[in-house]
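Secondary and tertiary structure notes
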Amino acid sequence: MKICIDAGHSIGYNPSPADPTYREGTRMFDLQGFLKPALERYGFEVICTRSRVEDNPSLYTRGTMAKGCDLLLSLHSNAVSNERNDTVDYVRVYYPVSRRGQALAKALSETIASTMSTVQQPQFVVRWNSAGNADYYGVIRYACAVGVCGMILEHSFHTHPRATEWLLSDDNLRRLAEAEAAVVAQYYGMEESEMRYERLGDVKNDAYRPTVEKLLKLGFLRGKGGSGEDTVLDLGEDALRLLVILDRAGVFD
Ligand SMILES: [Zn+2]
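A brief structural summary. (Residues numbered from 1 in each chain as written. Predicted model: local features only at pLDDT ≥ 70, side-chain atom pairs only at ≥ 80, totals over all residues.)

Spanning 12 residues, helix α8 (residues 237–248) covers 17 Å between terminal C-alpha atoms, matching the ideal 16 Å at 1.5 Å per step. Of the residues one or two after α8, G250 is the one with positive phi, at around 85°. (Helix = DSSP H or I, 4+ residues; strand = E, 2+ residues; numbered from the N terminus. Expected span 1.5 Å × (residues − 1).)

Next up, the structure:
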């Protein structure tokens, strides 16, 4: 299974009238940074239309880049106008006029709304172009043209102060990404796999590395052969986390 993430717009685009430090094009790129690994943990292959925050491919490029993918998710936050608005706070997911992916669009809209605690009910809708023969939104239309189900996720409104403040928290974006990945995984029948650390060199996380080095030095952890960075650990994420907790508790001192 392969997913294309399209973080909407580009760096600095669409400042929030509620809090100018919020920029839709920058913040949705940040969300992509959490969503990509969250999806990968379920075994999805993930590509992104923007590899750098400065990138701003055309809608045609974004849509057609998804060729060969099972799904394109375009990440956005909505706006009522150019003014701050204290009432409009809801999630909307646009999916193709062909109605492909309707159940996923519904599930995503509900999950995003409950994670963000938005005020009004979430919506999952299609939008026809004025000729009534194709999708209104270019990114969905171009994705459909290459056979891919494209969706636009509007993460409430950056004209709403509370929603904007919520989206400015990294912890919240991480939770949002985890929730979205879980919904997509459930829809496609993918299961989360535990991260494994085969060799010492795989342990790059600053939270784990000092404990592992300490335990190897003390001989509490012996490994299964190899030496240096190639010392074979064969440890899962849960095991490493537990060792760090015990280390913090002073068990190895
Ligand atoms: Zn947008």
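A few words now on the packing of helix α3 (residues 102–116) against helix α6 (residues 170–188). Taken N-terminus to C-terminus, the directions of α3 and α6 make an angle of 155°; their axes are 10 Å apart at the nearest point. Judged by the angle between their axes, α3 and α6 are roughly antiparallel. Of the two possible hands of crossing, α3 and α6 adopt the one that is right-handed. Mapping the contact onto sequence places L104, A107, L108, T111, I112 and T115 in α3 and R175, L176, A179, E180, V183 and Y187 in α6. Here the contact of α3 with α6 is composed, by residue class, of 8 nonpolar, 2 polar and 2 charged. (Axes fitted to C-alpha atoms, helices over the stretch in contact; angles between N-to-C directions. Parallel < 35°, antiparallel > 145°, perpendicular 65-115°, else oblique. Left-handed = near helix turned anticlockwise from the far one by under 90°. Contact = placed C-beta atoms within 7 Å. Nonpolar A, V, L, I, M, F, W, Y, C, P; charged D, E, K, R; others polar.)

Within the fold, P20 resides in the loop between β1 (2–7) and α1 (24–40). The exposure class assigned to P20 is exposed, which follows from the 9 C-beta atoms found within 10 Å. Here the alpha-carbon distance between P20 and H158, two residues 138 residues apart in the chain, equals 9.8 Å. (Buried ≥ 20, exposed ≤ 12 C-beta atoms within 10 Å, placed from the backbone.)

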